[in-house]
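The residues making up each chain are set out below.
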Amino acid sequence: KKTLRTVAKYAQGWNVGGSLERMTHKTDILARHCEDVGRDPFQVERTLVRSVVIRDDADEAARVLQAGLAGNGSGHQLDPEVDSFGSEEQIAQQWRRYVDIGFTHLVVDLPAPYDRETVERLPRLRELVASGELRQPCPCAGSLSCRGDGGPAGRSQGGPRDGRAPQRNHRP
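The rules behind the values
- Residues numbered from 1 in each chain as written.
- Predicted model: local features only at pLDDT ≥ 70, side-chain atom pairs only at ≥ 80, totals over all residues.
- Heavy atoms only, no water.
- 1 Å grid on protein atoms, 1.4 Å probe; cavity = no way out; pocket = protein on both sides within 12 Å on 5 of 7 lines; lining within 4 Å.
- Points joined across faces, edges and corners; volume = space filled by probe spheres on them.
- Helix = DSSP H or I, 4+ residues; strand = E, 2+ residues; numbered from the N terminus.
- Nonpolar A, V, L, I, M, F, W, Y, C, P; charged D, E, K, R; others polar.
- Core = buried A, V, L, I, M, F, W, Y, C linked by side-chain atoms within 4.5 Å.
- Buried < 20%, exposed > 50% of the residue type's maximum accessible area, 1.4 Å probe, protein only.
- Contact = heavy atoms within 4.5 Å.
- Axes fitted to C-alpha atoms, helices over the stretch in contact; angles between N-to-C directions.
- Parallel < 35°, antiparallel > 145°, perpendicular 65-115°, else oblique.
- Left-handed = near helix turned anticlockwise from the far one by under 90°.

Novice: Would you take a moment to explain the layout of surface pockets for this structure?
Specialist: For the largest pocket, the calculated volume is near 340 Å³. Along the wall of the largest pocket there are 14 residues; nearest its centre are Thr 104, Leu 106, Arg 126, Val 129 and Ala 130. Where the lining of the largest pocket is concerned, the elements lending two or more residues are helix H4 (88-100), strand S4 (105-109) and helix H5 (116-131). Broken down by element, the residue count for the lining of the largest pocket peaks at five residues, all from H5. By residue class, the composition of the lining of the largest pocket is nine nonpolar, two polar and three charged. Roughly 210 Å³ of volume is contained in the second largest pocket. Contributing to the lining of the second largest pocket are 13 residues, with Lys 1, Thr 3, Leu 4, Lys 26 and Ile 29 lying nearest its centre. Elements represented by at least two residues in the lining of the second largest pocket include exactly helix H1 (3-10), strand S1 (13-16) and helix H2 (20-36). Here the lining of the second largest pocket gets five residues from one element, more than from any other, and that element is H2.

Here you go:
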């Protein structure tokens, strides 16, 4: 209960992981705490961590990711709400929803040894996420993190270098 207050008051960035529902809830809480301290919530750079394996077949990708995690001693069971596996298009659709609620960076977590096919396919995934070609309806409309038109609340034009998040023109 103290972390997001501290983030709102002092942090330049916030690195998290979780389901879309959980992250939407957390971004709403962060927005309220930022409002309490007179800060634009989009001054806090939001980064999301995801374990990733890219394959055309989602079942094969899930098997490869689960094996990689197990090979590194993790007992984590895959959760399609939290882990990213499948084709570039499938993963981009998942990730765009997080971009739409204000996340500006996605941190790829690859279990060692790194999966060469995934590494080679990451540029296409980045391109799809950045282009917004695979937009889905905005899941956050009506939340404090949303303007109600599908775009994040309080979002200003600009970029990370000037301390403001880039404008996202997503459509509900």
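Novice: What exactly am I supposed to notice about the nonpolar core here?
Specialist: Taken as a class, soluble globular proteins show a tendency for nonpolar side chains to be buried jointly. Formed by 16 residues in total, the largest nonpolar core has its most connected members in Val 7, Trp 14, Met 23, Leu 30, Tyr 98 and Phe 103. Counting residues per element, the ones that place at least two in this core are H1, S1 and H2. Element by element, the count of residues in this core is highest for H2, at five residues. If near-sequence neighbours (up to four positions away) are discounted, Val 7 is found in contact with Trp 14, Leu 30, Arg 39 and Val 44. One finds Val 52, Ile 91, Ala 92 and Leu 110 within the second-largest nonpolar core, a separate group that totals 10 residues.

Novice: Is there a simple way to explain the packing of H4 against H5 in this structure?
Specialist: Two measures define how a pair of helices packs: the angle their axes make with one another and the distance between the axes. At a minimum axis separation of 9 Å, H4 and H5 run at an interaxial angle of 45 degrees. As judged from the angle between their axes, H4 and H5 are oblique. For the crossing formed where H4 meets H5, the hand is right-handed. Facing H4, whose interface residues are Glu 88, Glu 89, Ile 91, Ala 92, Trp 95, Arg 96 and Val 99, H5 presents Arg 121, Arg 124, Leu 125, Leu 128, Val 129 and Ala 130. Its residues assigned to classes, the contact of H4 with H5 shows eight nonpolar, no polar and five charged.

Novice: Even after reading the chapter, I still don't get the environment of Asp 59, so can you show me in this structure?
Specialist: With respect to the helices, strands and loops of the structure, Asp 59 is situated in helix H3 (residues 58-71). The spacing of Asp 59 and Phe 85 is 26 residues in sequence and 8.3 Å in space, taken between C-alpha atoms.

Novice: Could you clarify how one ought to interpret the environment of Gly 18 in this entry?
Specialist: Note that Gly 18 resides in the loop between S1 and H2. Looking at Gly 18, the relative accessible area reads 8%, which means it is buried. When the C-alpha atoms of Gly 18 and Asp 83 are compared, they prove to be 8.8 Å apart, with 65 residues separating the residues in sequence. When residues no more than four places from it in sequence are discounted, the contact partners of Gly 18 are Met 23, Leu 48, Arg 50, Glu 81, Val 82 and Tyr 98.

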